[in-house]
Number of protein chains: 2
Amino acid sequence: MLPRGRPRALGAAALLLLLLLLGFFLLGGHLASFPCALPPRVPPDGRPRGAAACDPHPQADLGGHNRSDCVLPRPLPPKCELLHVAIVCAGHKTSRDVITLVKSLLFYRKNPLHLHLVTDAVARNILETLFHTWMVPAVRVSFYDADELKPQVSWIPNKHYSGLYGLMKLVLPGALPPDLARVIVLDTDVTFAADIAELWALFAHFSDEQVIGLVENQSDWYLGNLWRNHKPWPALGRGFNTGVILLWLDRLRQAGWKQMWKLTATQELLTLPATSLADQDIFNAVIKGHPALVRPLPCVWNVQLSDHTLAERCYLEAADIKAVHWNSPKKLRVKNKHVEFFRNLYLTFLEHDGNLLRRELFGCPSPRPPEAERLQQALAQLDEEDACFEFRQQQLTVHRVHITFLPHQPPPPRPHDVTLVAQLSMDRLQMLEALCRHWPGPMSLALYLTDAEAQQFLRFVEASEVLSARQDVAYHVVYREGPLYPINQIRNVALAQALTPYVFLTDIDFLPAYSLYDYLRASIEQLELGSGRKAALVVPAFETLHYQFSFPSSKADLLALLDAGSVHAFRHHEWPRGHTPTDYARWREAQAPYRVQWAVDYEPYVVVPRDCPRYDPRFVGFGWNKVAHVMELDAQEYEFLVLPEAFTIHLPHTPSLDISRFRSSTTYRGCLQALKDEFLQDLSRHYGAAALKYLTALQQP
Amino acid sequence: MLPRGRPRALGAAALLLLLLLLGFFLLGGHLASFPCALPPRVPPDGRPRGAAACDPHPQADLGGHNRSDCVLPRPLPPKCELLHVAIVCAGHKTSRDVITLVKSLLFYRKNPLHLHLVTDAVARNILETLFHTWMVPAVRVSFYDADELKPQVSWIPNKHYSGLYGLMKLVLPGALPPDLARVIVLDTDVTFAADIAELWALFAHFSDEQVIGLVENQSDWYLGNLWRNHKPWPALGRGFNTGVILLWLDRLRQAGWKQMWKLTATQELLTLPATSLADQDIFNAVIKGHPALVRPLPCVWNVQLSDHTLAERCYLEAADIKAVHWNSPKKLRVKNKHVEFFRNLYLTFLEHDGNLLRRELFGCPSPRPPEAERLQQALAQLDEEDACFEFRQQQLTVHRVHITFLPHQPPPPRPHDVTLVAQLSMDRLQMLEALCRHWPGPMSLALYLTDAEAQQFLRFVEASEVLSARQDVAYHVVYREGPLYPINQIRNVALAQALTPYVFLTDIDFLPAYSLYDYLRASIEQLELGSGRKAALVVPAFETLHYQFSFPSSKADLLALLDAGSVHAFRHHEWPRGHTPTDYARWREAQAPYRVQWAVDYEPYVVVPRDCPRYDPRFVGFGWNKVAHVMELDAQEYEFLVLPEAFTIHLPHTPSLDISRFRSSTTYRGCLQALKDEFLQDLSRHYGAAALKYLTALQQP
């Protein structure tokens, strides 16, 4: 590379600016109505990077002032400049929306990003977990408590569907850090179709007075002629839409923004009953009074889709839409002749594999969080030629986790309450309705899904009356990555999210006795587990081979089915060691809980306190995943107590892909053996001589 | 919009050019080594659209001459200009690769495209079906027969892994239509990360002499110092890579390209034994002799990934990579410290839902093919409020189809041969190995998958010794779209691709008797079906409820299992009408084929000639999909002949989501009833009085 002198480059930029201005001056006529200017800043390395940009005045014309109108398009901010984005987000649904927005942002971005998320407790919980597990390089996330900001806007009557949170964009200059000078503010229903750096670059075109960049409103709402007595808030012409805002924060603070908007809102509310479009009404009223504050932005940065949108005049001309705004309460169901096109764009990111957005930013060195760094080093140490490489890699994979993917009401605190904990993937969705009928209590279910499957799952729940009626079932999505099923990692997510003192650790293809939930709570109370007794309550497991099956309503019914041979002890034929220690013969007669001893390969379904040991995440794919957990319960001296009235029944299903691989591949079986050996070594290390019994037991034929 | 005068705009462009040139002259020094120029052409509407572009001379510097080096980046061709792309493609694997390349192209493109595909018969068959069913607006596809071009290059000895097809880029000027002036030529292992229009725009920077645009080779290969006695073909410096070529065809033809490259190749082959890098060696040798022909392109348009690539110097600087070239025989398994980044980019398009790329091009009106137009109209006529809207929409959906997704050897023509025809989705993959063991003959299997699942399927087959050994099993991918399972459309794809005179129409969860394939062929011959006897041979269906099951090796074995109660007639308990007409009691004793009569809801598994009626595509989701087909066989007077030694056994599996919906939703059942009624009406219309018997039969209780 040739050395580049800063003074020379600066001089060159200045000269070019002069020449360009001269050029536009001479072009005269129609082009003069779209003044273009070079961005004033030169990046730290002294090389000019920006370029002249088109800058239509939207009041004059709603049409698309895009690349085709501009002689010199696409300015860009300095390479690697950190871009700041603020989003207000509350609740389960909006959290899902934000993720789609962020995916579209990340897809096109080439700059480091700092996301400033103003959230309620629900959204914070979801998004903190998500970003923590997503580990996207060169993305920082800060959270701000929306509830603390509420008093600043709660005095404003508002009729918009976004509610109180819709107003919070007004208070961002005060809520964001005082040293943050500029920020792009986005509604959660925006989808990007271009690099946000191009939008950020438009800050460079603000005059000294301008503080708010906005796109004109693409409807006739503010013209006030939509219906008789339609009285919108005051606005300049069609007004502006606040789904995408360039906020020059430090200038706003200096200009006394807080007083300005409050005064305007108070004055308008003397004659108007409430805001109809939340913050947007107030922004427009302020701008009407202070037109010099606003910097109009090209329409393509906020293509607004509603039933009667005028956006078509923008995008038909533009061909390159930069950001779409689903600003109709109908969202994707809006009637619009091009809605299929926009839906496709939205679905592209909705269903995009978020794991692929973990790619690093070349040329913008950004330190990884220590966790990501350790992970990277561990992965780098793996040997790709190792026969068990896939197992090693899968164990190290950190899966993106979206907790409480659907609305969820945490159970009220009750001392003996039990959450059913299980994991599943798409091919077991059809179990959910039956499970809901059998278990009326809280559930924490982890689903192992791709991004696209998560949407199918959402539609499945919404279409089911049984499922959508249940607010006490928490669904946590663990995003798929890698060739082996990380069963214990998924179980651990479900287990970590259980909120009751006890958990029933089960598998998705079992249906519990209808009475089990009540019976377990009663048993926990009677056995006084709360007072420090360390026990795992065993729920005896059975199986039926019939698709259509009349579920026994009592233990007596079950015993009759057992006698008739239509129900058996679970895996009685294929793998008796898994459940034989439960002692089915004794259970038939038992009137009271009885203690049983651990034995090799025992893997009962148990009820334990929430703080029980986690599942060992090394067991991926088929085999030993529950066995190891039960062994660890025994090592920690849990007593196994079989409950005489409890039972659960396994329904028939297709064998999993992993069990097929286990059966057909000697490598697979060899790798599983290696995992077992390592687990046992760790167990010895951790529990010392007490763990010797497992080694001895396993060595017996 | 303001009117724009052509003369004024032309004058403005000329003036701007002058000013810019003056600017760069004055800038002097290092920038002078990257001359920038405005494109010479002004589009038909008189508005200047292009912009100045950076134009590094790659010999001087391998570094990234990207946006950061350019004062005026991103020229674009006229809006809606048709861009031409040529790709040479042969075989099953390369066809899959081309689709990923095309997906990346379509994702970013904003212009109409014309794809010129030079293919062998296999690739043509695959890609014609694919594009026909994909129906992407504003994409035209033309095919050229690679085999016809072979003689023009087959005289050149070539050691490159791409084989003869690797040389065919040399003959494109003669092979493509004579009126085609310019084309972008791409290797199948290229992935785009930007709009190809930006690449096309670089044609505007060619001098009058330049005819070939190329990116410098990003390795030291042509420097000839990689190992002792390494003697590469002659090249200018590092030479150029031909994975991405801008070919100015009419100039090449005028310049006598054909003679030129042949002469050069002949001369070099006097001293060199063969080409090592196929066409690339010859292009470089020609350029070495005629340096004025080449227009160097910015390195970001062909970022070459191999184990020892020098591409890093390009992309670390660039931050915006435009096209990645997997030019190592190891492809995605190449060792490169940033390979994860590039894999992500590749996987993005590999797994991208191709249906989403059907979105139209705004602002570039392009007539749809008549089929797409009819479809659009039919969809527009649907009523979104109709309770059965989902069914109607699903029936009309045209699914993308990728036939022979994996290597496939068509069976040799044999007069009594039978292909097993079935369909499946991901949750039945584990059936495939067992099916291969039970059926040694040809199979045509249609898989209903997402783009991402198709890749999982590919890995699954590659990892299985049993599956990868079978060349007579054709797998056809039908891409998922819509909420209901289009079972009969998928079956029809498998049926249409069967290449033997007879087909065995079965379901994926059945395993046929080991002897069935041989027995069926013998039966067809004995029954003289070839001589016009219209028969459907019934293969009696049974079921077991055991996961692990010792498959009967003969009819006697099966009868013993039946007597022991571990096997039953299929759905004997849940839905006896489906198979009762097969007359299992008679079958037990039968020594010869016997005729049975159709009855209501009969749905046997049958062997029929390949030209049998198709499945009725209106039946989507669960119910009546086979029943309707068997009814139509009966209406067409097929006689049902039960074969005494044939049997097939259903293995247990989880009920499908669709059957769950059927059971739980009255709307679903109502819609199915409506479909049945419409089917029966159509049957009456088509078969007249003969179809009355179905109506009468169905009306009986």
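Residues numbered from 1 in each chain as written. Chains lettered and ligands numbered in written order. Predicted model: local features only at pLDDT ≥ 70, side-chain atom pairs only at ≥ 80, totals over all residues. Heavy atoms only, no water.

- An unreviewed UniProt entry lists chain A under the name LARGE xylosyl- and glucuronyltransferase 2, from Pipistrellus kuhlii.
- The UniProt entry for chain A carries the following comment under Cofactor (unreviewed entry): "Mn(2+)".
- Quoted straight from UniProt, the Pathway (unreviewed entry) entry for chain A says "Protein modification; protein glycosylation." (UniProt positions renumbered as here; feature names shortened; annotations may be inferred.)

## Here we look at helix H9 (residues 279–289) of chain A
In an α-helix, one full turn covers 3.6 residues, which means residues spaced three or four apart are oriented alike.
Residue and element names in this part refer to chain A.
So, point 1. When you tally the buried positions in H9, you get nine out of 11 residues, the bulk of the element.
So, point 2. Taken together, the buried positions of H9 are Asp279, Gln280, Asp281, Ile282, Phe283, Asn284, Ala285, Val286 and Ile287.
So, point 3. Those residues of H9 hidden inside the fold are in contact with strand E6 (212–216), strand E7 (240–248), helix H8 (257–268) and strand E8 (294–296). (Buried < 20%, exposed > 50% of the residue type's maximum accessible area, 1.4 Å probe, protein only. Helix = DSSP H or I, 4+ residues; strand = E, 2+ residues; numbered from the N terminus. Contact = heavy atoms within 4.5 Å.)

## Re the nonpolar core
The nonpolar side chains of soluble globular proteins are, as a tendency, buried together.
So, point 1. The biggest cluster of nonpolar side chains holds 358 residues, and the ones touching the most others in it are Leu127 of chain A together with Leu127 of chain B.
So, point 2. In contact with Leu127 of chain B, other than residues within four places in its own chain, are Cys89, Ser95, Val98, Ile99, Leu117, Thr119 and Phe143 of chain B. (Core = buried A, V, L, I, M, F, W, Y, C linked by side-chain atoms within 4.5 Å.)

## Quick notes on the side chain of Ser425 of chain A
Residue and element names in this part refer to chain A.
So, point 1. Looking at the element boundaries, Ser425 is found in strand E12 (residues 418–425).
So, point 2. The exposure class assigned to Ser425 is buried, which follows from its relative accessible area of 10%.
So, point 3. Sequence-distant contacts of Ser425, that is, excluding residues within four places in its chain, are made with Tyr448, Leu449, Arg480 and Tyr485.

## As for the environment of Leu202 of chain A
Residue and element names in this part refer to chain A.
So, point 1. Looking at where Leu202 falls in the secondary structure, it is placed in the loop between helix H6 (196–200) and E6.
So, point 2. Taking the relative accessible area as the measure of exposure, Leu202 reaches 8% and is therefore buried.
So, point 3. Considered as a pair, Leu202 and Leu246 are 44 residues apart in the sequence and their alpha carbons are 8.4 Å apart.
So, point 4. In this view, Leu202 contacts Leu246, Leu297, Pro298 and Trp301; residues no more than four positions away in its chain are not counted.

## So, the packing of helix H23 (residues 666–687) of chain A against helix H24 (residues 692–699) of chain A
Residue and element names in this part refer to chain A.
So, point 1. Two numbers describe how H23 lies on H24: the axes approach to 9 Å, and their chain directions differ by 150°. Between H23 and H24, the angle falls in the class roughly antiparallel. Each of Leu680, Leu683 and Ser684 in H23 lies in contact with H24, whose residues at this interface are Tyr694, Leu695 and Leu698.
So, point 2. Taken together, the residues of the contact of H23 with H24 break down into five nonpolar, one polar and no charged. (Axes fitted to C-alpha atoms, helices over the stretch in contact; angles between N-to-C directions. Parallel < 35°, antiparallel > 145°, perpendicular 65-115°, else oblique. Nonpolar A, V, L, I, M, F, W, Y, C, P; charged D, E, K, R; others polar.)

## Points about the confidence of the model for chain A
Residues and elements named next belong to chain A.
So, point 1. Per-residue pLDDT for chain A averages 86, and the proportion of residues at 70 or more is 86%.
So, point 2. For residues 1–73, every residue scores under 50 in pLDDT, and the model assigns this stretch 155 contacts once sequence neighbours within four places are set aside.
So, point 3. Both confidence scores are given for the complex: pTM 0.83, ipTM 0.76. (pLDDT = per-residue confidence, 0-100.)

## Topic: the state of the cysteines
All names here are of chain A.
So, point 1. Under the counting rule described, the total for this entry stands at six disulfides over all chains.
So, point 2. One disulfide bridge connects Cys80 with Cys364, the sulfur atoms lying 2.1 Å from each other. Taking the sign of the S-S torsion, about -90° here, the bridge from Cys80 to Cys364 comes out left-handed. Here Cys364 lies in the loop between helix H11 (339–350) and helix H12 (370–381) and Cys80 lies in the loop between helix H1 (6–27) and strand E1 (83–89), a separation of 284 residues in the sequence.
So, point 3. Look at Cys80 and you get partly exposed, because its relative accessible area is 25%.
So, point 4. Take Cys364: its relative accessible area is 3%, and that puts it in the buried class. (Disulfide = S-S within 2.5 Å.)

## Focus on the packing of helix H13 (residues 389–396) of chain A against H23 of chain A
When two helices pack together, their arrangement is given by the angle between their axes and by how far apart the axes lie.
Residues and elements named next belong to chain A.
So, point 1. Remark: H13 packs on H23, axes separated minimally by 9 Å, with the N-to-C direction vectors making an angle of 50°. Considering their axes alone, H13 and H23 lie oblique with respect to each other. Where H13 approaches H23, its residues Phe391, Arg392 and Gln395 are matched on the opposing element by Tyr668, Cys671, Ala674, Leu675 and Glu678.
So, point 2. Here the residues of the contact of H13 with H23 are counted per class, giving five nonpolar, one polar and two charged.

## A few points about the domain arrangement of chain A
Residue and element names in this part refer to chain A.
So, point 1. Looking at the assigned domains, one finds that chain A contains domain 1 (83–356) and domain 2 (401–699).
So, point 2. Domain 1 and domain 2 are separated by 45 Å when their C-alpha centres are compared.
So, point 3. Of the roughly 1300 Å² buried between domain 1 and domain 2 on both sides combined, carbon and sulfur atoms contribute 54%.
So, point 4. Interface area lost by domain 1 to domain 2 is led by His92, Arg96 and Asn355, which between them contribute 43%.
So, point 5. There are one salt bridge connecting domain 1 and domain 2.
So, point 6. Two residues, Asp451 and Lys103, come together in a salt bridge whose shortest N-O distance is 2.8 Å.
So, point 7. The tally of links between domain 1 and domain 2 comes to five residue pairs in polar contact (both at pLDDT 80 or more).
So, point 8. Elements that contribute at least two residues to the side of domain 1 that touches domain 2 include exactly helix H2 (91–108) and helix H3 (121–134).
So, point 9. Broken down by element, the residue count for the side of domain 1 that touches domain 2 peaks at five residues, all from H3.
So, point 10. In the side of domain 1 that touches domain 2, the residues fall into four nonpolar, seven polar and four charged. (Domains from an automatic or database assignment. Buried area = accessible area lost by both parts, 1.4 Å probe. Salt bridge = Lys/Arg side-chain N within 4 Å of Asp/Glu carboxyl O. Polar contact = N/O pair within 3.5 Å; in protein donor to acceptor, adjacent residues only side chain to side chain.)

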